[in-house]
Amino acid sequence: MKSYQKLTAAQPAACRVEEEGAAPLPTGRGKLARWWVGSGLLVVAVLLSTITVWVLRQVSGSWLGPTPPPKCLLVPESRRFDCYPERQVVVTQELCENRGCCFIQTPPPAEGKRGVPWCFYPPDFPSYTLESLNQTALGMAGLLVRREKAYYPRDIERLRLDVEFETDTRLHIKITDAANPRYEVPLDVPRVMKRAENPIYSLNFSWDPFGVLLQRKATGTVLLNTTVAPLIFADQFLQISTSLPSKFLYGLGEHRGSFLHSLDWNTLTLWARDVSPTESFNLYGAHPFYLLMEEGGDAHGVFLLNSNAMEVALQPAPGLTWRTIGGVLDFYIFLGPDPNMVIQQYQQVIGFPAMPPLWALGFHLCRWGYGSSNETWQTVRAMRNYQIPQDGQWNDIDYMDGYRDFTLDSQKFASLPSLVQDLHKHGQHYVMILDPGISSTSPHGSYWPFDEGLRRGLFLNTTQGQPLIGQVWPGFTAFADFSNPDTHQWWLENLQHFYAHVPFDGLWIDMNEPSNFMDGSEDGCPPGDFDSPPYTPAVLGDSLSAKTVCASAKQKASVHYNLHNLYGLMEAKATASALIQIRGKRPFVISRSTFPSQGRFSGHWLGDNRSQWKDMYYSIPGLLSFSLFGIPLVGADICGFSGSTSEELCTRWMQLGAFYPFARNHNTQNEKAQDPTVFSPAARTAMKDVLLTRYSLLPFLYTLFHHAHLQGDTVARPLFFEFPWDVATWELDRQFLWGRSLLVTPVLEPGVDSVTGYVPQGTWYDFYTGSSVNSSGEMLKMSAPLEHLNLHIREGSILPTQKPGTTTEVTRGNPLRLIVALSSHATAWGDLFWDDGESLDTFEQGNYSYVVFNVTQNIFTSTVLHASTEATKVTIGTLSIFGVQKPPSKVLLNGQEKPFSYLDNQVLTVSDLGISLSQGFSLQWL
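Fair warning: this is a prediction, and the values are worked out from it, not measured in the lab.

Side note on the overall build of the protein chain
Then, in step 1: In terms of helices and strands, the protein chain carries 18 helices and 50 strands.
Then, in step 2: Since a compact globule built from 926 residues should have a radius of gyration of about 29 Å, the 29 Å found for the protein chain is in line with a globular shape.
Then, in step 3: Seen along its three principal axes, the alpha-carbon backbone of the protein chain occupies a region of about 85 × 75 × 60 Å.
Then, in step 4: At a minimum sequence separation of 6, the contacts of the protein chain that also span at least 24 residues come to 71%.
Then, in step 5: Just so you have it, the protein chain exposes about 32300 Å², and 52% of that area is on carbon and sulfur atoms.
Then, in step 6: Side chains of the protein chain give 69 positive and 88 negative charges; the mean places of these two sets differ by 3 Å.

This is the structure:
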């Protein structure tokens, strides 16, 4: 009997293949069953299960059916891996047993929830056998053979296993067809040249049935154990399961829900879909990556490089099943060991995010339904009139003529070129929306984008080789094929034509799942295995073509079945490239659909949310998840997109939104306006104040983005990233950090004037006053009147801030204020990255300044590690030091006495420093 039960850390010697040792020959293969069948514990489990079944039968009579075989009763409910995951079928005993699986009915779960599977794998279900395993320069190569067919068509009997020990903290495991090439994601991944010398993991295999067992050497924790259920690898159904070392799992986007996933029979589907964010639906992007916290505070991550329709089934064992309907099983495992390092290691594979222009970090304003460029302009003027910070003004599809890309409504938006000129004159920027659906109904010769795209053959085609026609905002449309490099050139030319009239600064790419108001096309979809595969994951609409194009549509690089989840990424790549060629500066692109590596080309907003309190809360798990996915430039529509906001909700949301890395207030048509100028003086002032706070923190935020670009640090950061040993932080998603230093605790419910938040152990300082809070790691109630957002600085930090202006351009010319938050040892550290804010590759070309700040023994030092001319244009005006225990008798700046102030709350302030950022200096207090 072949076992699929969970193994502990110890395995039989015959199963072991240590990465240091040579691969043993496949003689004397370890049969896992021998390892545990004799266990007295399992005898007890059988008895208990039998008794339980008998008791349940007495209670509920009919629903249990005949007594299952003992091997089925062996399997505890939490470890029953689903053998019949099809959603649209009521599983019967006959259907289940036809697959060779165990059938035990359990009480149905609550409405809309999945429960314990009735049909599950028995311990001896046939799987693959590891026939051979050989050493390679980078790891091992093996052959897997399946002797008995599984139950999906076109089973692949012989598989190739490739294992590469890429780095000491990264393992690469790939399983594919041994005989025939299969579709693989066209993502540039690093190629290593030598095998890792001292990996912090050990890898073992079970030979029969085949399984991977991965352990962390330092703790012995089993990170992966794929022997818990059979490996299935058919042409259009690939499935592999694993046990998990804990229930603390994050990632696997894009979904709406808490940051920490429930493992209570929870299935997450990855298939890009246009739908307002709703719990349990597959949303706009696909991110097959999870981060898991292990007992003790270590963390690891797993990435499945696969772009096909997919679902990930989580269960309370704890266990996880990857189920995809194409491609290959191409896994990267990242060993951390701390969560920050896991995310850095993930981005070493998918690519680090681009450095945004500074203006992208300012405040953006948009709505669908301004109605005209003059009305848009009035909003801009009102913002200026109240001196409310704003960097970007956007327009939705109403600027277009008939909702057609690259056109302008010559009646209502005639003054748009003048508006854009006015924005530029005031140091502001213009961003417009673009959709990938190109109108196909204009008379021939009247609409160049379609005519030329058709002539060059740049659209998605049907199986018959004709452009696939769907329906989006302009009516009938064709869809640009961004997998074709020629399409990138055509996209650029279209943008160049439009830029000649309206010199935009950034682009907002929407509807790029791609979205379609029809299912498939105007002619539906043809019969066949792409549009009606043997297995369809749990997608919204129960069909791959629901509100998108046919999976059978032909693209240059492959069939849409394989490329669907990449559509937004490929469009973002074309758009960023076009912006660079047109403007010669850093591109600013915000995309709705995303895939791993998207951060290299764009940011993301969380889609068409609603003006409701729960939507405001859900934006925080959204932010944090995209931090894990390597897309730090992320935010939600502040105050909500659909529905009408209230003044209280919008005030609180502006406070939270001022701390989204990407901060944009956006609204739909036919709802009341929600920009800051339309509210009462009190609310307007609260919104203005929090935006000024954001602008004052831009030097700090910009530096965080530099570290994200350089090494994959997160910007908006979960608390447990900084306090992984504190289990109380692992579930927190109503607060977040900026970097390691700034704790944001927003109000997320109506009618309150206080907020309860977790304050990790240590000393924290009120951002505004410098007063200290000492915490043992506890929930604290904080005062939060409507005009106040709670911000706390972590001890040991130095934050570079700046006197805020109404644009980033004005702000960057103002004096800096350095805020020092002393630790209990009276030390602190911080840094500042500074460049011109918009040129390409400033770091790579050395056109930047980098300054490190340090405090030790009552001496503050500023050390310029790299200098550029930009740093000579800004001065350090003020130094505020929080947590100075005693009033100083004097303060010396570079040895010269300097006036200062000292408050009872232990804040020392030295003003009028007037020192160029390009000069190092020291300041001592005695």
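Past the structure itself, the notes keep going.
Re the state of the cysteines
Then, in step 1: Using the criterion set out here, one finds 5 disulfides in the structure.
Then, in step 2: Across the disulfide from C72 sits C102; the S-S distance is 2.0 Å. Between C72 and C102 the sulfur-sulfur dihedral comes to about -80°; the bridge is accordingly left-handed. Placement of C72 in helix α3 (residues 70–73) and of C102 in strand β1 (residues 102–103) is noted, with a sequence separation of 30 residues between them.

Looking at the sheet that holds strand β31 (residues 716–717)
Then, in step 1: Strand order in the open sheet formed by 6 strands is β31-β32-β33-β38-β35-β36, and the pairing between neighbours is antiparallel. Every other strand in the sheet has two partners, leaving β31 and β36 (772–775) as the edge strands with one partner each.
Then, in step 2: Examined bridge by bridge, strand β35 (residues 762–766) and strand β38 (residues 790–794) share 3 bridges and lie antiparallel to one another. Bridge assignment links Y765 to a residue of β38, and that residue is I793.

Considerations on the sheet that holds strand β26 (residues 589–591)
Then, in step 1: The sheet built from 9 strands is open, its strands ordered β28-β27-β26-β25-β21-β20-β19-β30-β29 with parallel pairing. This sheet does not close on itself; its edge strands, each paired only once, are β28 (634–635) and β29 (637–638).
Then, in step 2: With 3 bridges connecting them, strand β25 (residues 506–509) and β26 associate as parallel partners. Across the sheet, I509 pairs through a bridge with S591, a residue of β26.

Quick look at the packing of aromatic side chains
Then, in step 1: Taken as a whole, this structure holds 53 aromatic pairs when the rule is applied.
Then, in step 2: On the basis of an interplanar angle of 85° and a centroid distance of 6.0 Å, the ring pair of W394 and F588 is categorised as edge-to-face. Placement of the pair is W394 in strand β20 (residues 392–395) and F588 in the loop between α11 (567–583) and β26, with a sequence separation of 194 residues. Across the pair, F588 and W394 agree in class, each one buried.
Then, in step 3: Look at F720 and F721: their rings are 5.2 Å apart centre to centre, the planes differ by 55°, and that puts the pair in the tilted class.
Then, in step 4: Residue class for F720 comes out buried when judged on its relative accessible area of 0%.
Then, in step 5: With a relative accessible area of 2%, F721 lands in the buried category.
Then, in step 6: These aromatic residues form a ring-pair network of at least three members: F406, F450, F459, F482, W490, W491 and Y567.
Then, in step 7: Note that R664 overlies the ring of W508, its terminal NZ or CZ placed 4.3 Å from the centroid.
Then, in step 8: When the ring centre of Y386 is taken as origin, the NZ or CZ atom of R684, which lies over that ring, is 3.8 Å away.

Brief notes about helix α9 (residues 485–499)
Then, in step 1: Between the first and last C-alpha of α9 there are 21 Å, a value that for 15 residues agrees with the 21 Å anticipated at 1.5 Å per step.
Then, in step 2: Tucked inside the fold, the buried residues of α9 contact β21 (429–434), β22 (437–439), α8 (448–456), β25 and α11.
Then, in step 3: A distance of 2.9 Å separates the backbone nitrogen of D486 from a side-chain oxygen at the start of α9, and that oxygen is part of N484.

Examining the pattern of salt bridges
Then, in step 1: If you walk through the whole model with that rule in mind, you get 38 salt bridges.
Then, in step 2: The closest approach of N and O atoms between D274 and R592, which form a salt bridge, is 3.3 Å. One end of the pair, D274, is in the loop between β13 (266–270) and β14 (287–293); the other, R592, is in the loop between β26 and β27 (603–605), and 318 residues separate them in sequence. Summarising the burial analysis for this pair, D274 and R592 share the class buried.
Then, in step 3: Across the salt bridge formed by E870 and R812, the nearest N and O atoms sit 3.1 Å from each other. Taken together, the residues E870 in the loop between β43 (859–866) and β44 (875–882) and R812 in the loop between α17 (808–811) and β40 (816–821) connect sequence positions 58 residues apart.
Then, in step 4: The class of E870 is buried, set by a relative accessible area of 16%.

Definitions and cut-offs
- Residues numbered from 1 in each chain as written.
- Predicted model: local features only at pLDDT ≥ 70, side-chain atom pairs only at ≥ 80, totals over all residues.
- Heavy atoms only, no water.
- Helix = DSSP H or I, 4+ residues; strand = E, 2+ residues; numbered from the N terminus.
- Rg over C-alpha atoms; globule rule 2.2 N^0.38 Å.
- Contact = heavy atoms within 4.5 Å.
- Areas by Shrake-Rupley, 256 points an atom, 1.4 Å probe, with all protein chains shown as cover.
- Lys, Arg positive; Asp, Glu negative; His and termini not counted.
- Charge placed at Lys NZ, Arg CZ, Asp CG, Glu CD.
- Disulfide = S-S within 2.5 Å.
- Pairing = 2+ DSSP bridges.
- Phe/Tyr/Trp six-rings, centres within 6.5 Å; stacked < 30°, edge-to-face > 60°.
- Buried < 20%, exposed > 50% of the residue type's maximum accessible area, 1.4 Å probe, protein only.
- Lys NZ or Arg CZ within 6 Å of the ring centre and 35° of its normal.
- Expected span 1.5 Å × (residues − 1).
- Polar contact = N/O pair within 3.5 Å; in protein donor to acceptor, adjacent residues only side chain to side chain.
- Salt bridge = Lys/Arg side-chain N within 4 Å of Asp/Glu carboxyl O.

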